[in-house]
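Fold and contact review
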Amino acid sequence: MSKKALYAGSFDPLTNGHLDLIYRTANLCDKLVVGIIENPQKKAYFTIDQRKKMIEDETKNMDNIEIVSFAGLLADYVNNNGFNIVVRGLRATMDFEYEIQMAQMNARLYNKNVETIFLMTNPKYSFISSSMIKEVFSLKGDISGLVPENVLEYMKKISRR
Ligand code: PNS
């Protein structure tokens, strides 16, 4: 059976932690779909199209990666698109409780066996999150090395600095 994995998240913006996980997962499966989910609870910094473009730019050298966006339940997207793996990154124990809750709720909603796989974030990036990146950047802190170059350029362009 071919291994089709979904790595979904807000990616607002894509960080080097996300990118590391994307590359590692793409090496483990036949096809990786990176799914950008619009979260109506969170006010987004980047539009879905901007986020999609940034991820596409960073992954165009990998031929088994596709970038999509969707709204609604992750489990519905998984059920309707034939995924057998869902991937999430774990930075530290702080992520564990939320992630296990989400994985177990999703497991109830899948209509066939789908494995949630957790990859430990590269320790170089284990302290970063998209929210922290946005906060530090908005207060004029240095975030170089924590997000891909093109993401940083995009952020500078949008904030005109
Ligand atoms: O990168 P994030 O924001 O931590 O990702 C969280 C995300 C988007 C994967 C999660 O909020 C999600 O799956 N949202 C879709 C709606 C859904 O299925 N909610 C029920 C989860 S049990």
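Attention here is on the structure that accompanies the text. (Residues numbered from 1 in each chain as written. Predicted model: local features only at pLDDT ≥ 70, side-chain atom pairs only at ≥ 80, totals over all residues. Heavy atoms only, no water.)

**Things to note about the side chain of His 18**
Put simply, the rule reads: Numbering of helices and strands starts at the N terminus; helices are DSSP runs of H or I of at least 4 residues and strands are runs of E of at least 2. Contact criterion: two residues are considered in contact whenever any of their non-hydrogen atoms come within 4.5 Å of each other.
Inspection of the secondary structure puts His 18 in helix H1 (residues 16–26). Ignoring anything within four residues of it in the chain, the contact list for His 18 reads Tyr 7, Phe 11, Pro 13 and Ser 130.

**A short note on unusual backbone geometry**
Where the residue is not glycine, phi is negative for most of them; where a peptide bond is considered, it is trans in most cases. Threshold: Each residue's exposure class comes from its accessible area (1.4 Å probe, protein chains only) as a fraction of the maximum for that residue type: buried when under 20%, exposed when over 50%, partly exposed otherwise.
Asp 12 connects to Pro 13 through a cis peptide bond whose omega is 5°. Its place among the elements puts Pro 13 in the loop between strand E1 (4–9) and H1. Even without glycine at this site, Phe 11 takes up a positive phi of about 50°. Residue placement: Phe 11 occurs in the loop between E1 and H1. Residue Phe 11 is classed as buried on the basis of its relative accessible area, which comes to 3%. One non-glycine residue with positive phi stands out, namely Lys 140, at about 70°.

**Considering the nonpolar core**
Applied cut-off: As used in this record, nonpolar core signifies buried Ala, Val, Leu, Ile, Met, Phe, Trp, Tyr and Cys residues forming a set joined through side-chain atoms within 4.5 Å.
Counting 32 residues, the largest nonpolar core has Ile 22, Leu 32, Val 34, Ile 55 and Ile 65 as its most contacted members. Among the elements that make up this core, the one with the highest residue count is H1 (four residues). Within the second largest apolar cluster, 14 residues are counted, among which are Leu 6, Ile 37, Phe 70 and Tyr 110.

**Thoughts on the packing of helix H2 (residues 48–59) against helix H6 (residues 149–159)**
Cut-off, in case you're wondering: Each axis is a line fitted through C-alpha atoms, taken for helices only over the stretch in contact, and angles between the N-to-C directions span 0 to 180 degrees. These descriptions rest on fixed angle ranges, namely under 35 degrees for roughly parallel, over 145 for roughly antiparallel, 65 to 115 for roughly perpendicular, and the rest for oblique. In this count, Pro and Cys sit with the nonpolar residues alongside Ala, Val, Leu, Ile, Met, Phe, Trp and Tyr, while Asp, Glu, Lys and Arg are called charged and the others, Gly among them, polar.
Across the interface, H2 lies against H6 with an axial gap of 10 Å and an inter-helix angle of 150°. The angle between H2 and H6 falls in the class roughly antiparallel. Listed contacts from H6 to Gln 50, Met 54, Asp 57 and Glu 58 of H2 are Asn 150, Val 151, Tyr 154 and Ile 158. Broken down by class, the residue content of the contact of H2 with H6 amounts to four nonpolar, two polar and two charged.

**Quick look at empty space enclosed by the protein**
Gaps between atoms show up when a probe of the same size as a water molecule is rolled over them. The following threshold applies: Definitions used for this entry: grid spacing 1 Å over protein atoms alone; cavity, a set of points where a 1.4 Å probe fits but cannot get out; pocket, an open set with protein on both sides within 12 Å along at least 5 of 7 lines; lining residue, one with an atom within 4 Å of a point. Grid points are joined across faces, edges and corners, and a volume is the space filled by probe spheres set on the points.
Evaluation of the coordinates by the stated rule reveals one cavity of 30 Å³ or more. Leu 74, Val 86, Arg 88, Glu 99, Met 102, Ala 103, Asn 106, Tyr 110 and Thr 116 together form the lining of the largest cavity. Elements with a minimum of two residues in the lining of the largest cavity: strand E4 (85–90) and helix H4 (93–109). Element by element, the count of residues in the lining of the largest cavity is highest for H4, at four residues. Broken down by class, the residue content of the lining of the largest cavity amounts to five nonpolar, two polar and two charged.

**Observations regarding the side chain of Asn 16**
Mapped onto the elements, Asn 16 comes out in helix H1. Apart from the residues within four sequence positions on either side, Asn 16 is in contact with Tyr 125, Ile 128, Gly 145, Leu 146, Val 147 and Pro 148.

**Comments concerning the packing of aromatic side chains**
Put simply, the rule reads: Here the aromatic set is Phe, Tyr and Trp, taking the six-membered ring for Trp, and pairing holds for ring centres within 6.5 Å; pairs whose planes are under 30 degrees apart are stacked, those over 60 apart are edge-to-face, and all others are tilted. A ring is scored as having a charge over it whenever the NZ atom of a lysine or the CZ atom of an arginine sits within 6 Å of its centre and within 35 degrees of its normal.
For the structure on display, the rule yields five aromatic pairs. Between Tyr 45 and Phe 46, the aromatic rings sit 4.9 Å apart at their centres with planes inclined by 75°, giving edge-to-face as the arrangement. Accessibility expressed as a relative area gives 31% for Tyr 45, which makes it partly exposed. Geometry around Phe 83 places Lys 4 over its ring, the cationic atom sitting 4.7 Å from the centre. One cation-aromatic arrangement involves Lys 157 over Tyr 154; the distance from NZ or CZ to the ring centre is 5.6 Å.

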